[in-house]
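What the coordinates show
One-letter residues, chain by chain:
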Amino acid sequence: MPLALLALAVGAFGLGTTEFVMMGLLPDVADDLNISIPTAGHLVSAYALGVVIGAPLLAAVTARMSRRKVLIGLMGLFVVGNAASAFAPGEYALLAARFVSGLPHGAFFGVGAVVATGMVAPERKARSVSLMFLGLTLANIAGVPVATLMGQHFGWRATFLGVSAIGLAAIASLALLIPHDHAHAPAVGLRRELVALKSVPVWLALGTTVAGFGALFAAYSYITPMLTDSAGYADSSVTLLLALFGVGATAGNLLGGRLADHSLRGTLFGGLTSLVAVLALFPVLMSAQWSAAVAVVLLGTAAFVTGSPLQLMVMEKASAAPSLASSANQAAFNLANAGGAWIGGLALAAGLGVTSPAVTGAGLAVLGLGVAGVAAVVDRRHVGTRSGRERLVASHVPEHAEAVRH
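Only a predicted model underlies this, so the values are computations on that prediction, with no experimental measurement involved.

Some words on the packing of helix H15 (residues 307–317) against helix H16 (residues 322–349)
Their axes nearest at 8 Å, the elements H15 and H16 cross at an angle of 140°. The element H15 and its partner H16 pack so that their crossing is right-handed. Residues Leu-310, Gln-311, Val-314 and Met-315 of H15 lie in contact with H16, whose contacting residues are Pro-322, Ala-325, Ser-326, Asn-329 and Gln-330. Here the contact of H15 with H16 is composed, by residue class, of 5 nonpolar, 4 polar and no charged.

Examining the packing of aromatic side chains
Across all of its chains, the model carries 8 aromatic pairs by this definition. Where Phe-217 meets Phe-333, the ring centres are 5.4 Å apart and the plane angle is 80°; that geometry is what we call edge-to-face. In this pair, Phe-217 sits in helix H9 (residues 200–220) while Phe-333 sits in helix H16, placing the two residues 116 residues apart along the sequence. Three or more aromatic residues link up through ring pairs in this structure, and these residues are Phe-213, Phe-217, Tyr-220, Phe-245, Phe-304 and Phe-333.

Here we look at the nonpolar core
Most often, soluble globular proteins have nonpolar side chains that are buried together. Membership of the largest hydrophobic core comes to 89 residues, with the highest contact counts inside it found for Leu-8, Leu-216, Phe-282 and Met-286. Here this core gets 10 residues from one element, more than from any other, and that element is H9. Excluding its chain neighbours within four sequence positions, the residues that come into contact with Leu-8 are Leu-71, Phe-108, Gly-112, Ala-116, Met-132, Leu-174 and Ile-178. Residues Val-29, Leu-43, Ala-86 and Trp-156 belong to the second largest nonpolar core, which totals 16 residues.

Quick look at the pattern of salt bridges
Applying the stated criterion across every chain, the model contains 3 salt bridges. When the shortest N-O distance is used, the salt bridge between Asp-261 and Arg-127 registers 3.5 Å. Residue Asp-261 is located in the loop between helix H11 (238–260) and helix H12 (264–280), and its partner Arg-127 is located in helix H6 (residues 125–154); the two are separated by 134 residues in the primary sequence.

A few points about H6
In this model H6 runs 41 Å from its N-terminal to its C-terminal C-alpha over 30 residues, within 8% of the 44 Å that 1.5 Å per residue would give. Along its length, H6 shows its largest kink, about 55°, at Ala-139. Gly-155 lies just past H6 and shows a positive phi near 100°.

Some points on the packing of helix H3 (residues 42–61) against helix H5 (residues 91–118)
Relative placement of two packed helices is described by the angle separating their axes and the distance separating the axes. In contact at an axis separation of 6 Å, H3 and H5 are set at 40° when each is read in the N-to-C sense. Between H3 and H5, the interaxial angle falls into the category oblique. As for the relative orientation of H3 and H5, their crossing is right-handed in sense. Every residue of H5 that contacts H3 at His-42, Leu-43, Ala-46, Tyr-47, Leu-49, Gly-50, Val-51, Ile-53, Gly-54, Ala-55, Leu-58 and Ala-59 is listed here: Leu-94, Leu-95, Arg-98, Phe-99, Ser-101, Gly-102, Leu-103, Pro-104, His-105, Gly-106 and Ala-107. Among the residues forming the contact of H3 with H5, the class breakdown is 15 nonpolar, 7 polar and 1 charged.

Digging into empty space enclosed by the protein
Following the criterion strictly, the structure yields 5 cavities of 30 Å³ or more and no others. Its boundaries defined by the atoms lining it, the largest cavity holds a volume of some 140 Å³. Mapped by element, the contributors of at least two residues to the lining of the largest cavity are H6, H9, H15 and H16. Each residue belonging to the lining of the largest cavity can be placed in one class, and the counts come to 6 nonpolar, 6 polar and no charged. By volume, the second largest cavity is sized at about 80 Å³. As for the second largest cavity, its lining consists of Phe-20, Leu-136, Thr-137, Asn-140, Leu-216, Phe-217, Tyr-220, Phe-245, Phe-304 and Phe-333.

Focus on the environment of Leu-259
Mapped onto the fold, Leu-259 is located in helix H11. According to the relative accessible area criterion, Leu-259 is partly exposed, its value standing at 39%. Expressed as a C-alpha distance, the spacing of Leu-259 and Pro-309, which sit 50 residues apart in the sequence, is 8.9 Å.

Procedures and definitions
Residues numbered from 1 in each chain as written. Predicted model: local features only at pLDDT ≥ 70, side-chain atom pairs only at ≥ 80, totals over all residues. Heavy atoms only, no water. Axes fitted to C-alpha atoms, helices over the stretch in contact; angles between N-to-C directions. Helix = DSSP H or I, 4+ residues; strand = E, 2+ residues; numbered from the N terminus. Left-handed = near helix turned anticlockwise from the far one by under 90°. Contact = heavy atoms within 4.5 Å. Nonpolar A, V, L, I, M, F, W, Y, C, P; charged D, E, K, R; others polar. Phe/Tyr/Trp six-rings, centres within 6.5 Å; stacked < 30°, edge-to-face > 60°. Core = buried A, V, L, I, M, F, W, Y, C linked by side-chain atoms within 4.5 Å. Buried < 20%, exposed > 50% of the residue type's maximum accessible area, 1.4 Å probe, protein only. Salt bridge = Lys/Arg side-chain N within 4 Å of Asp/Glu carboxyl O. Expected span 1.5 Å × (residues − 1). Bend = angle between axes of the 7 residues up to and from the residue. Parallel < 35°, antiparallel > 145°, perpendicular 65-115°, else oblique. 1 Å grid on protein atoms, 1.4 Å probe; cavity = no way out; pocket = protein on both sides within 12 Å on 5 of 7 lines; lining within 4 Å. Points joined across faces, edges and corners; volume = space filled by probe spheres on them.

Interpretation note: all reported values are geometric properties and have no functional meaning in isolation.
Given below as structure tokens:
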């Protein structure tokens with residue numbers, strides 16, 4: 001695997017850290033800015049909104065530019081957004097800074113996935129994407145806990161300065177390791193990029209991402225009360241258990257990349273089926289501390305097995321606009337984050353029990369399996385139709401043309 005993938009992983013590490021660290025800093029930010037915790041929660045939403053808007057927009061605008069320069073520019077915007085967060089004088093300035101920080105997130109993963117797959121042999125494409133995503137999963141193991149501790153001891157503003165430093169390291173890595181001869185995007189017009197997204201298979205792949213990762217976030221958004229109220233863990237143990245989720249996510253990401261290079265759709269179906277089983281068993285697994293810890297690891301593993309296959313599938317279905325489609329998949333991931341948390345919250349609000357969000361997530365994973373099944377049928381019909389057309393054209397080749405050809 002090319003060393004250049006390390007540069008992409010460093011950028012992914014910074015993006016993953018700044019995305020999830022705000023959840024641990026909410027009380028500190030709320031106290032410092034004299035706002036309520038629910039109001040401070042809007043800072044999480046502001047980042048997600050930036051991802052959803054920025055992912056397709058920046059990918060489309062930069063479609064004809066050097067991908068190497070685009071990646072460096074996106075990390076530059078990331079540094080600006082996080083530095084602005086560190087020096088934000090009040091709530092609204094911090095909201096705007098968090099929105100700016102989220103803008104490059106999806107486009108970086110989208111363009112980065114195209115660059116990563118372009119540097120390896122076809123049979124290693126999924127593995128190359130999983131190595132870029134390795135930075136994102138490692139952020140859950142090391143980046144977020146360390147950044148949270150930094151914020152608790154030195155103030156939340158120090159956290160965002162630290163994340164800005166990671167962004168600067170990513171810029172240096174990208175400039176040093178991403179080769180120029182692999183960086184140039186083909187001259188594809190914006191209209192052609194947008195037309196490529198009209199494909200039904202592309203939207204089915206994006207729908208699978210929304211449903212599949214919506215299942216994850218329906219449960220993960222409420223994992224803390226499950227661990228404390230159902231499994232009986234102390235609040236002080238939750239941080240370590242969330243790091244276990246990161247370990248599972250890292251293992252699942254690497255496993256999914258390796259398996260998807262052998263069978264893309266088989267890995268996707270296997271991952272979603274495993275996710276259904278794990279989430280459906282959550283009420284039982286959360287009844288004891290040891291099994292709850294196992295459940296957290298299995299949740300990360302089952303969910304992230306599907307990450308690389310879904311990213312690669314979207315890119316293949318929109319081959320004329322891989323950067324835009326890949327970035328749109330990251331927007332779908334963040335829609336899954338918001339939608340899954342909302343649906344899981346509905347189950348809690350209905351009084352169905354502290355583990356009910358996980359059961360709701362199992363239902364979303366079943367929906368994801370259904371969408372993936374429809375996508376498989378559509379692909380089969382498309383291949384059959386194309387083969388039929390090719391046979392029809394071949395049957396109408398004039399005899400003298402056949403003679404000339406032979």
